[in-house]
Amino acid sequence: MTPDVDDRAVLHADCSRCAALCCVLPPFAASADFAIDKPAGRPCPNLAGDDRCRIHEQLPERGFPGCVAFDCFGAGQQVVQVTYRGRDPRAEPEALAVLDAMRQLSELLWYLADALARPAAAPLHAELAAARDRARALREAGARELAALDTGALRRDAGALLSEVSDRVRRGLPGPRTDRSGADLVGAALRGADLRAGCLRGAYLIGADLRRADLRGADLLGADLRAADLRGADLRDALFLTLPQVAAARTDGATRLPEGLAR
Ligand code: SF4
C-alpha cells in the first residue's frame, strides 16, 4: 500500500506543464458549451502560437462556457511530463486515447480520495486504498497500456465501492436522505429545498434553482450542475463534488463548499 496522502492536492490542471492537449486532441461538436465544430487532433482556432487561449477572458461571452468549466484533474500535465517524459505528444496517434484514459483515472482518484477522507467509510478503507493504489500505478503506465485501458471496467468496479461509501456516510447524517439519483431536475424549482444527505448521483440539475438549498452531505457524483443556481446554497460535506461541477454552476460568496474546493 502506498502512502496515505490526499491525491486531490495534485488533481488540478497545470496548463504551464501541459501542451494545450485539451484544446487540440478532443473533437467537439458545436453546442451551448462550445460554439464551433472542431475535429479531433486539430488545434482550436482560438489557440495562440504560445499555447494560450486568445479569448480566455471572454470564454462565456464568446460561446465557450464549457472551457471555463472543464478541468482535466491534472491529466494533461501527467501525460506530457510523465507518460511522454516531457515530449509534446500531440502528433502521436494514440495521444487522444491516452489523455482520455488519464483523465478518467485522475477523476476516479479524486473520488477515491474523497471516500478515503470520510471517517464513516473506515470499514472500507482497505478496499478503497487498494483501488487508489491501482489507479495511482496506472497513471504511471506507458502510452500503449493507457491507450488500451478498459476504463469502463475500472469505473464500474470503483462505482460499486463508492456507492457503498455514500450509503454509509449518508446513513449517519441528519436529513431526509431522499433518493433522486438520475432524476430529471432540469430547471427545477428547488430554492431553499432540504436536500441534506440525499442521493443526487447523475441527476440532471441543469439550470435548476438551488438558491439557498441545503445540500450538506448530498451525494453529487456525476450530477449535471451546468448553469444551476447555487447562490447561498450549502454544500458542505457534499460527496464526490468536483471543481468542474462547481465551475459550471452559478455561485456567490454565500455558497458554502466542501473543504478544499475553491470557487
Ligand atoms: S476556446 Fe480557448 S480554452 Fe477553449 S478549446 Fe479553444 S483555445 Fe482552448
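Sequence order sets the numbering: in each chain, residues are counted from 1 along the sequence as written. The model is predicted, so local features are restricted to residues of pLDDT at least 70 and side-chain atom pairs to those at 80 or more, both for listing and for counting; the totals for chains, interfaces and linings are taken over all residues.

1. Brief notes about the overall build of the chain
Where helices and strands are cited, they refer to DSSP runs of H or I of at least four residues and of E of at least two residues respectively, numbered from the N terminus. When helices and strands are counted, the chain shows eight helices and zero strands. We take the radius of gyration over the C-alpha atoms and set the globule estimate at 2.2 Å times the residue count to the 0.38 power. Expected size for 263 residues packed as a compact globule is a radius of gyration near 18 Å; at 19 Å, the chain falls within 12% of this value. Three classes are used. A residue is buried when 20 or more other C-beta atoms lie within 10 Å of its own, exposed when 12 or fewer do, and partly exposed in between, with C-beta atoms placed from the backbone. A total of 263 residues make up the chain; the buried ones form 38% of that total.

2. Thoughts on the nonpolar core
Core membership is restricted to buried Ala, Val, Leu, Ile, Met, Phe, Trp, Tyr and Cys residues, and these are joined into a nonpolar core through C-beta atoms within 7 Å. L21, L99, M102, Y111, L112, A218 and L220 are the most contacted members of the largest nonpolar core, which has 64 residues in total. Looking at this core, the elements with two or more residues in it are α1 (21-24), α3 (75-83), α4 (95-116), α5 (125-139), α7 (151-171) and α8 (243-248). Reported domain spans reflect what an automatic or database domain assignment gives. Three or more residues apiece are contributed to this core by two domains, here domain 1 (7-170) and domain 2 (175-263).

3. A closer look at unusual backbone geometry
The phi torsion at D51 lies on the positive side, around 65 degrees, for a residue other than glycine. Here D51 is to be found in the loop between α1 and α2 (65-69). A positive phi angle, close to 55 degrees, is found at A197, a residue other than glycine. Here A197 lies in the loop between α7 and α8. For A197, a count of 25 C-beta atoms within 10 Å translates into the label buried.

4. A closer look at the domain arrangement of the chain
Frequently, the measure chosen for interface size is the accessible area removed from exposure when the parts meet. When cut into domains, the chain gives domain 1 (7-170) and domain 2 (175-263). The C-alpha centroid of domain 2 is placed 22 Å from the C-alpha centroid of domain 1. What counts as a contact here is a pair of residues whose C-beta atoms, placed from the backbone, lie within 7 Å. Across the contact, twelve residues belong to domain 1 and 14 residues belong to domain 2. Listed by contribution, the elements that provide at least two residues to the side of domain 1 that touches domain 2 are α2, α4 and α7. A total of four residues in the side of domain 1 that touches domain 2 trace back to one element, the largest contributor, which is α7. Among the residues making up the side of domain 1 that touches domain 2, the classes are represented as seven nonpolar, one polar and four charged. The nonpolar class holds Ala, Val, Leu, Ile, Met, Phe, Trp, Tyr, Cys and Pro. Asp, Glu, Lys and Arg form the charged class, and all remaining residues, Gly among them, are polar.

5. What about α7?
Residue count minus one, scaled by 1.5 Å, sets the expected span of a helix. If you check α7, its first and last C-alpha atoms are 30 Å apart, about what 21 residues at 1.5 Å a residue would give, namely 30 Å. Among the structural elements, α4 and α5 are those in contact with the buried residues of α7.

6. Side note on the packing of α3 against α4
Fitted lines through C-alpha atoms give the axes, limited to the stretch in contact for helices. The angle between two N-to-C directions lies from 0 to 180 degrees. At a closest axis distance of 9 Å, the pairing of α3 and α4 adopts a crossing angle of 120 degrees. Comparing their axes, α4 and α3 come out oblique. Relative to α4, α3 is oriented so that their crossing is right-handed. Residue-level inspection shows A75, Q78, V79 and T83 of α3 in contact with α4, the latter providing V98, L99, M102, R103 and S106. Partitioning the contact of α3 with α4 into residue classes produces five nonpolar, three polar and one charged. Angle categories: roughly parallel below 35 degrees, roughly antiparallel above 145, roughly perpendicular from 65 to 115, and oblique for all the rest. Handedness of each helix crossing follows the sense of rotation of the near helix against the far helix: counterclockwise by less than a right angle gives left-handed, clockwise gives right-handed.

7. Remarks on the environment of D209
Here D209 lies in the loop between α7 and α8. In this structure, the C-alpha to C-alpha distance between D209 and A189, residues 20 residues apart in sequence, is 5.1 Å. With sequence-adjacent residues up to four places away left out, D209 is seen in contact with A189, L190, R191 and D229.

8. Considerations on α3
Burial analysis of α3 places seven of its nine residues in the buried class, which makes it a mostly covered element. Within α3 the residues assigned to the buried category are A75, G76, Q77, Q78, V79, V80 and T83. Contacts from the buried residues of α3 go to α1, α4, α5 and α6 (143-147). Backbone geometry just downstream of α3 places R85 in the positive-phi region, at approximately 50 degrees.

9. Observations concerning the environment of A141
One can find A141 in the loop between α5 and α6. Expressed as a C-alpha distance, the spacing of A141 and R42, which sit 99 residues apart in the sequence, is 26 Å.

10. Remarks on the environment of L108
Note on placement: L108 falls in helix α4. Exposure remark for L108: the 24 C-beta atoms within 10 Å place this residue in the buried category. With residues up to four places along the chain from it excluded, the contact list for L108 reads A135, L154, R155 and A158.

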